[in-house]
Amino acid sequence: MTSTRNVPRPPGPPRKQAFLKQYLASIAVWPFICILLGILLWFSLLSKSADDRHTAERLAMQETRTLATAYAQYLTRAIEQIDQLTLLVRYEWENSQLSLEALAEQGLFPIDRYALVTVIGPHGRPVTGNRPLGQLPPLVTDREYFIFHRDNRSRDLRIGAPSTGRVSGKTVIQFTRRLEKADGSFDGVVLVSVEPVSFSSFYDGSGLGKSGLLAFIGTDAVLRMASIGDIGRKTATYDAGALQKIPALDKIDGSSALLGPHWFADGHARFASMVALETYPLVAMVGLSEEEQLAAYWQTHRSNMTIGAAGTAILFLFALVATLLSARLAWRKHLEAEVQEAYRLATEGGNEGFYMLRAVQDRSGVIVDFEVVDCNVRGASFYGLTREQFVGSLSSVLNTAEYFPVLMQTYCSAIESGYYEDELKVPPGSPIKVEWVHRRLVRSGNGLAITFRDISLIKAHERELSRMANEDALTALPNRNWLRSYLPQALESARMESHMVALLFVDLDDFKNVNDSLGHSAGDELLHAAALRLRSVVRPSDHVVRLGGDEFTVILEPVEHEDDAAAVAARIADAFHHPFDLARGKNMVSASIGVSLYPHDGGDAETLLKHADIAMYQAKSEGKGKFHFYESSLSEALKARLDMERALQQAIVQDQFVLHYQPRVSATTGELRALEALVRWQHPELGMVPPMAFISLAEETGLILKLGEIVLAQACAQLAEWKAAGIPLVPVSINVSPYQFNRGNIGESFAACLARHDIDPSLVEIEITESAMIGEQDDVATELSSLREHGIQLLVDDFGTGYSSLSQLQRLDMDGLKIDRAFTGQLSKSPEGEVFFRAIMSMAHALGMSVVAEGVETEEQLRVLQSLSCDEIQGYFISRPVPAAEAQVLMQRRYLFPVADPLALPAA
Ligand SMILES: Nc1nc2c(ncn2[C@@H]2O[C@H](COP(=O)(O)O[C@H]3[C@@H](O)[C@H](n4cnc5c(=O)[nH]c(N)nc54)O[C@@H]3COP(=O)(O)O)[C@@H](O)[C@H]2O)c(=O)[nH]1
């Protein structure tokens with residue numbers, strides 16, 4: 001059952017607030033700087049623009065004033081001319097009653113300049129003029145100027161307001177002067193009419209521009225002329241509407257002012273200046289178009305504004321991008337810090353150590369060290385420090401001078417690749433307080449986030465598991481699994497270093513007998529001792545491996561010469577020529593050794609092992625306790641064996657087997673007691689093949705079971721046939737392989753076969769080797785008693801070659817012993833042979849078992865056996881194994897000694 005507990009997060013400001021609090025200044029700095037720069041830019045641009053405008057206006061004012069003064073002078077001169085003219089006309093009139101017509105004809109009063117020059121008589125009618133009288137105005141008594149001069153004695157020039165001329169119909173300014181008689185009485189008026197436009201010839205586009213204003217006003221506040229541009233001059237049109245209002249005449253001192261657009265007919269503001277004429281009651285006025293005067297300024301101003309706008313846009317964009325980038329960077333840092341904090345908190349109290357390192361760089365940017373900037377408590381504890389002690393420390397200080405460069409290499413490669421993970425066996429000298437750590441290094445900004453996990457226990461378990469997987473539990477030697485991983489590496493380094501490797505396949509001869517006869521613990525003891533013995537005869541650098549069972553492999557490396565491997569193989573074989581001192585007594589077990597050499601006998605582990613195994617079989621087949629080098633011909637032998645196996649299978653299917661029978665007779669009378677059924681293979685090509693050539697192969701391949709059934713069936717069938725033929729029957733003894741014996745149902749199969757052929761069980765005997773009986777004792781006893789219950793006699797075959805004891809045979813209730821022919825062969829050769837027979841026979845008889853001597857080949861052997869009271873004999877002296885037909889003859893002959901009375905034979 002698990003339970004969860006909500007652990008409150010340490011109190012802190014909400015996420016956004018915390019972020020803003022920490023990073024607002026660094027994010028806002030860019031817009032702030034940009035705003036400041038913007039203000040600065042605009043301030044400088046606007047103040048420069050203001051200065052420019054002020055300067056332009058000042059210059060325009062000055063220009064206006066200058067032009068107004070000049071215009072006043074111009075007007076003065078122009079009016080003076082008119083004034084002179086009127087004075088001249090008055091003088092001439094008053095003194096000589098001149099004719100103006102005549103003067104006009106002389107071109108004195110040009111029409112384009114003076115619309116009219118005339119003398120008006122006191123009665124109001126023109127008297128003379130620059131035109132014929134008919135073209136002069138008729139009566140002008142109603143005209144202001146006439147009334148003025150008639151009623152005023154002033155003889156000054158009067159400048160009238162513009163009015164429409166009665167002759168020309170045009171607007172004119174009438175300049176008039178009183179004429180007096182000698183007595184001073186009114187005598188008429190000199191009239192000079194001038195078109196106002198005549199006073200605009202002053203206009204000069206280079207000074208006044210396209211829209212300059214020229215005007216003059218009487219001190220009576222009546223506008224005399226106003227024109228804009230030089231249009232008025234060209235069209236000779238008085239533009240009374242040019243000036244909409246009459247300015248106050250208190251500023252006629254030449255000072256300038258900017259008059260708004262409503263002052264002028266064209267709606268354009270102008271810098272204006274008025275200057276009073278000194279000699280006439282007139283004020284000259286000049287206006288310069290503000291637009292024209294400030295045109296250059298406005299152009300510069302527009303450029304400045306464009307620069308300002310562009311600068312502002314750039315600053316805005318810069319501020320935007322910089323703000324976004326710094327906000328992003330800040331957010332990433334914030335998240336990293338959050339993750340770091342969260343990880344630290346999450347791992348706090350756990351088994352995982354965590355710390356952050358900052359890369360310390362030299363001036364050229366090369367990383368020279370790492371500093372701990374944060375960690376959890378567990379992370380610090382790996383170094384045996386508290387968190388406070390650990391944070392701020394440098395790797396160069398924490399680690400030894402020898403280990404620091406190694407660590408730097410790891411850290412720098414992690415910085416470069418972004419990720420590094422390994423399991424580290426903490427080297428000596430490291431400050432880390434555990435044996436093994438799992439490290440994970442992740443690049444984080446300009447540093448590393450590192451997690452540490454103590455895996456010492458896991459590693460110890462792994463080591464133990466690996467040891468268990470790779471070590472043989474009984475002998476503590478490396479096992480087959482280890483060999484499978486090691487040998488390819490060993491071969492690879494041998495290939496690189498061009499040396500040889502020798503593989504010695506060691507198999508203990510007849511180990512099964514020890515195991516079976518003395519029990520598994522004795523077998524284990526022997527294997528353990530064999531392992532020690534193997535180890536003791538090789539160099540420490542060589543490897544001894546237990547493959548399983550009684551098979552070992554010795555790897556010799558490096559091997560310079562084949563002789564070196566031969567020497568070791570010989571040493572091993574010799575070592576096994578000494579008995580093993582086991583708890584249950586001394587035991588002899590030899591070892592057969594097969595040797596294969598890399599690269600000569602194979603380029604890979606599997607081939608080498610297979611070839612060493614083949615060589616070992618060869619050594620075994622050559623007599624055990626020997627060694628043999630692999631030769632390619634051995635493989636051929638193996639192939640032959642496989643061919644044989646296939647042929648054997650086929651022979652079983654095709655029933656290519658026949659039985660020969662060898663008689664067993666009474667040692668004293670020679671009477672036939674039994675026939676031993678001995679199988680032969682009638683090979684279609686090889687002819688009659690003896691059992692020695694195929695029984696062991698049949699046993700190894702399991703075909704012996706099928707073959708055993710065939711032999712049993714043929715034997716029973718033969719008995720049935722002989723029985724049917726009325727032949728005096730003797731028991732037929734059948735060889736049963738240990739492989740058949742341990743199948744658990746031999747009693748049933750024998751009983752079934754006998755029943756099938758209607759054969760009495762007393763007519764069948766079974767020969768089993770010692771080794772078959774000393775397998776699993778209880779199982780053997782059960783199977784033997786099952787056979788005996790069916791009435792079948794049991795004989796121990798090849799007695800003396802195995803490890804059974806007589807008491808063991810008695811316990812199994814065996815009926816007889818067949819002493820191996822090797823002992824029979826010794827009978828006449830050494831006294832020990834007889835001693836052995838005598839001892840066996842007396843004990844066997846004491847235990848109620850009969851004794852058969854096998855391999856009796858000479859009469860001499862027979863005599864000895866007779867003298868030793870041997871029960872029965874078998875051997876070539878009596879008969880070789882013969883086909884069934886001949887056996888039938890032997891059965892009928894009954895007494896088979898080759899001599900008529902063996903007892904009468906001369907003593908040896
Ligand atoms: N499991 C089975 N084993 C069988 C069967 N048939 C035979 N065999 C075993 O094969 C071995 C060899 O048998 P074989 O070649 O037939 O040799 C027998 C005799 O020819 C030989 N013998 C007998 N007398 C002499 C002798 O005076 N000198 C001499 N050099 N050899 C002799 O001994 C063999 C019989 O021995 P044994 O069985 O120990 O009585 C042999 O081990 C057979 O057991 C089979 O069907 N099944």
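Keep in mind that what you see is a predicted model, and the values were worked out from it rather than measured. (Residues numbered from 1 in each chain as written. Predicted model: local features only at pLDDT ≥ 70, side-chain atom pairs only at ≥ 80, totals over all residues. Heavy atoms only, no water.)

1. Some remarks on the side chain of Ser 326
Stage number 1. By the element assignment, Ser 326 lies in helix α7 (residues 295-347).
Stage number 2. Discounting residues that sit within four places of it in the chain, Ser 326 has contacts with Ser 26, Ile 27 and Trp 30. (Helix = DSSP H or I, 4+ residues; strand = E, 2+ residues; numbered from the N terminus. Contact = heavy atoms within 4.5 Å.)

2. Description of the side chain of Ser 430
Stage number 1. With respect to the element layout, Ser 430 can be found in the loop between β14 (419-425) and β15 (436-444).
Stage number 2. On the basis of relative accessible area, Ser 430 is assigned to the buried category, the value being 12%.
Stage number 3. Polar side-chain contacts of Ser 430 include one of 3.1 Å to the backbone nitrogen of Ile 432. (Buried < 20%, exposed > 50% of the residue type's maximum accessible area, 1.4 Å probe, protein only. Polar contact = N/O pair within 3.5 Å; in protein donor to acceptor, adjacent residues only side chain to side chain.)

3. Side note on the pattern of salt bridges
Two side chains with opposite charge may pair up if their charged atoms get near one another.
Stage number 1. Taken as a whole and assessed by the stated rule, the structure comprises 45 salt bridges.
Stage number 2. Between Asp 151 and Arg 150 there is a salt bridge, with the nearest N and O atoms lying 3.1 Å from each other.
Stage number 3. In this structure Asp 151 comes out as partly exposed when scored by relative accessible area, which is 49%.
Stage number 4. Arg 270 is paired through a salt bridge with Asp 266; the nearest N and O atoms lie 2.5 Å apart. (Salt bridge = Lys/Arg side-chain N within 4 Å of Asp/Glu carboxyl O.)

4. Focus on the UniProt feature "transmembrane region" (unreviewed entry) in the protein chain
Stage number 1. Annotation from UniProt places "transmembrane region" (unreviewed entry) at residues 23-43 and 307-331.
Stage number 2. Segment residues 23-43 splits into 100% helix and 0% strand. End C-alpha atoms: 30 Å apart.
Stage number 3. Annotation note: span residues 307-331, helix share 100%, strand share 0%, distance between end C-alpha atoms 35 Å. (UniProt positions renumbered as here; feature names shortened; annotations may be inferred.)

5. Some points on empty space enclosed by the protein
Rolling a probe over the atoms, with the probe sized like a water molecule, indicates the empty space that remains.
Stage number 1. Scanning all chains against the criterion turns up 3 cavities of 30 Å³ or more.
Stage number 2. What lines the largest cavity is a set of 15 residues, and nearest its centre among them are Leu 116, Gly 165, Arg 166, Gln 174 and Ser 193.
Stage number 3. Its residues assigned to classes, the lining of the largest cavity shows 8 nonpolar, 4 polar and 3 charged. (1 Å grid on protein atoms, 1.4 Å probe; cavity = no way out; pocket = protein on both sides within 12 Å on 5 of 7 lines; lining within 4 Å. Points joined across faces, edges and corners; volume = space filled by probe spheres on them. Nonpolar A, V, L, I, M, F, W, Y, C, P; charged D, E, K, R; others polar.)

6. Describing the site of the ligand
Stage number 1. The ligand sits among 23 residues. The nearest are Glu 676, Arg 680, Asp 798, Glu 854 and Glu 857.
Stage number 2. Within the side chain of Gln 662, one N or O atom sits 2.9 Å away from a nitrogen atom of the ligand.
Stage number 3. With respect to the ligand, the side chain of Glu 676 contributes an N or O atom lying 2.8 Å from an oxygen atom.
Stage number 4. Listed by contribution, the elements that provide at least two residues to the shell around the ligand are β25 (672-683) and β29 (793-799). (Near = heavy atom within 4 Å.)

7. What about the state of the cysteines?
Stage number 1. With the rule as written, the count across this model stands at 0 disulfides.
Stage number 2. For Cys 716, which is in no disulfide, the shortest distance to another cysteine sulfur is to Cys 753 and amounts to 3.6 Å.
Stage number 3. Since its relative accessible area comes to 0%, Cys 716 is described here as buried. (Disulfide = S-S within 2.5 Å.)

8. Overview of the environment of Thr 164
Stage number 1. Looking at the element boundaries, Thr 164 is found in strand β4 (residues 163-164).
Stage number 2. The partly exposed category is assigned to Thr 164, whose relative accessible area is 48%.
Stage number 3. Distance from Thr 164 to Glu 195, taken between C-alpha atoms, is 9.8 Å for residues 31 residues apart in sequence.
Stage number 4. Those residues in contact with Thr 164 that sit more than four places away from it in its chain are Arg 143, Gly 169, Lys 170 and Thr 171.

9. What to know about the sheet that holds strand β9 (residues 253-259)
Stage number 1. Across the sheet, 5 strands lie side by side as β8-β7-β11-β10-β9; this open sheet has antiparallel pairing. Edge positions in the sheet fall to β8 (223-228) and β9, since each of these pairs with one other strand and no more. Here the average twist between neighbouring strands, direction ignored, is 15°.
Stage number 2. Of the pairings in the sheet, the one linking strand β7 (residues 213-218) to strand β11 (residues 282-289) comprises 6 bridges and is antiparallel in character. Within the sheet, the bridge partner assigned to Leu 213 lies in β11 and is Gly 287. (Pairing = 2+ DSSP bridges. Axes fitted to C-alpha atoms, helices over the stretch in contact; angles between N-to-C directions.)

10. Quick notes on a negative patch on the surface
Stage number 1. On the surface, Glu 560, Glu 562, Asp 563 and Asp 564 cluster together to form a negatively charged patch.
Stage number 2. Note that Asp 564 resides in helix α16 (residues 562-575). (Patch = residues over 30% accessible without salt bridge, like charges linked within 9 Å, V, L, I, M, F, W, Y side chains within 5 Å. Areas by Shrake-Rupley, 256 points an atom, 1.4 Å probe, with all protein chains shown as cover. Lys, Arg positive; Asp, Glu negative; His and termini not counted. Charge placed at Lys NZ, Arg CZ, Asp CG, Glu CD.)

11. Structural notes on the sheet that holds strand β22 (residues 591-598)
Stage number 1. Spatially, the 5 strands line up as an open sheet ordered β18-β19-β17-β22-β23, and their pairing is mixed. Among the strands making up the open sheet, the edge pair consists of β18 (543-548) and β23 (627-629). Within this sheet the neighbouring strands show an average axis-to-axis angle of 20°, counted without direction.
Stage number 2. In terms of strand pairing, strand β17 (residues 500-508) meets β22 through 8 bridges, oriented antiparallel. In the strand pairing of β22, Asp 507 is matched with Ser 592.

12. Let's talk about a nonpolar patch on the surface
Stage number 1. Among the surface-exposed residues, Val 29, Trp 30, Phe 32, Ile 33, Leu 36, Leu 37, Leu 40 and Phe 318 lie close enough to one another that they form a single nonpolar patch of about 730 Å² accessible area.
Stage number 2. When you line up the elements, Phe 318 lands in helix α7.

13. Details of the packing of aromatic side chains
Stage number 1. Inspection of the entire model under this criterion finds 26 aromatic pairs.
Stage number 2. Measuring from ring centre to ring centre gives 5.4 Å for Phe 146 and Phe 186, while their planes differ by 80°; the resulting arrangement is edge-to-face. Taken together, the positions of Phe 146 in helix α3 (residues 144-151) and Phe 186 in strand β6 (residues 186-194) put the pair 40 residues apart, joining distant regions of the chain.
Stage number 3. Its relative accessible area of 1% is what places Phe 146 among the buried residues. (Phe/Tyr/Trp six-rings, centres within 6.5 Å; stacked < 30°, edge-to-face > 60°.)

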